Amino acid sequence: MEATIQEQELLTKVNEVTALLGQGKFIEAMNGYLADDVQLFEGNNPAKVGKAFCIDEEEKLLATVTAFHGYNVTSGPAVQGDTTFYEAVMEFDTNDGTKHRFEQVVRSQWKDGKIINERYYHA
């Protein structure tokens, strides 16, 4: 099955996002690719709503990071319609001495070139 033009464009965009994340440029990725009224979900937790709020929350988390060890896509990305999927591993240390390793699947829904709804499924 051949990807539509929209799907090809979304693959390009998700690859741009993951390239920024791989460089630790989380705020840049959020500024560039989140819709103003985005909804972000961590697993089954309630949504974080709004680009400004999500960036503020990310900045609070990043302020605790003492070492960033990488964000690596291990599978995908894949696209179907307006939705992209990929699997990634993120590792970092925080100022409380904790070493974090998140293995996750990221599901993003897009509209007008921006992420409008995203969920992170963690293992």
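That block above? That's the structure.
The sections below set out a description of the structure shown in this document. What you see is a predicted model; the values in this text were computed from it and never measured. (Residues numbered from 1 in each chain as written. Predicted model: local features only at pLDDT ≥ 70, side-chain atom pairs only at ≥ 80, totals over all residues. Heavy atoms only, no water.)

**Concerning unusual backbone geometry**
Residue P77 is reached from G76 by a cis peptide bond, and omega for that bond is 10°. Within the secondary structure, P77 is located in strand 3 (residues 65–80). In this model, D112 sits at a positive phi of 55°, which is unusual for a non-glycine residue. Topologically, D112 is positioned in the loop between strand 5 (99–111) and strand 6 (114–122). (Helix = DSSP H or I, 4+ residues; strand = E, 2+ residues; numbered from the N terminus.)

**Remarks on the pattern of salt bridges**
In a structure, side chains of opposite charge can pair up when their charged atoms sit close to one another. On inspection of all chains with the given rule, the structure shows five salt bridges. A salt bridge links K99 to D93; the shortest N-O distance between them is 3.4 Å. A salt bridge links E103 to R101; the shortest N-O distance between them is 3.2 Å. Take R101: its relative accessible area is 45%, and that puts it in the partly exposed class. Each of D56, E57 and K60 takes part in salt bridges that share partners, so that together they form one network. (Salt bridge = Lys/Arg side-chain N within 4 Å of Asp/Glu carboxyl O. Buried < 20%, exposed > 50% of the residue type's maximum accessible area, 1.4 Å probe, protein only.)

**As for the pairing of strand 3**
One ladder, built from 11 bridges, connects strand 3 with strand 4 (residues 83–94); its direction is antiparallel. If you follow Y71 over to strand 4, its bridge partner there is M90. Counting the residues between successive antiparallel strands, the hairpin from strand 3 to strand 4 contains two residues, one of them, G81, with a positive phi of roughly 65°. (Pairing = 2+ DSSP bridges.)

**Some remarks on the packing of helix 2 (residues 26–33) against helix 3 (residues 51–62)**
Direction vectors running N to C along helix 2 and helix 3 enclose 175°, while the axes themselves pass 10 Å from each other. Considered as vectors, helix 2 and helix 3 are oriented roughly antiparallel to each other. In this structure, helix 2 uses F26, I27, M30 and N31 to contact helix 3, whose residues at the interface are K51, C54, I55, E58, E59 and L62. The residue makeup of the contact of helix 2 with helix 3, split by class, is six nonpolar, one polar and three charged. (Axes fitted to C-alpha atoms, helices over the stretch in contact; angles between N-to-C directions. Parallel < 35°, antiparallel > 145°, perpendicular 65-115°, else oblique. Contact = heavy atoms within 4.5 Å. Nonpolar A, V, L, I, M, F, W, Y, C, P; charged D, E, K, R; others polar.)

**Regarding the environment of E57**
Within the secondary structure, E57 is located in helix 3. When the C-alpha atoms of E57 and L11 are compared, they prove to be 27 Å apart, with 46 residues separating the residues in sequence.

**Observations regarding the sheet that holds strand 5**
Read from one edge to the other, the open sheet built from six strands follows the order 2-1-6-5-4-3, with strand pairing classed as mixed. Each end of this open sheet is capped by a strand with a single partner; those strands are strand 2 (48–49) and strand 3. The pairing of strand 1 (residues 34–42) with strand 6 spans five bridges and is classified as parallel. Its bridge partner being in strand 6, L40 is matched across the sheet by E118. Contacts from helix 2 reach strand 1, strand 3, strand 4, strand 5 and strand 6, with the element oriented near 125° to strand 1. Where helix 3 meets the sheet, it contacts strand 1, strand 2 and strand 3, and its direction lies at approximately 55° from that of strand 1.

**A few points about the nonpolar core**
With 24 residues, the main nonpolar core has L21, M30, L34, L40, Y71, Y86 and W110 as its most contacted residues. Counting only elements with at least two residues in this core, the list comes to helix 1 (5–22), helix 2, strand 1, helix 3, strand 3, strand 4, strand 5 and strand 6. Residues contacting W110, with those up to four places away along its chain left out, are L10, K13, V14, V17, Y33, D82, T84, I115 and I116. (Core = buried A, V, L, I, M, F, W, Y, C linked by side-chain atoms within 4.5 Å.)

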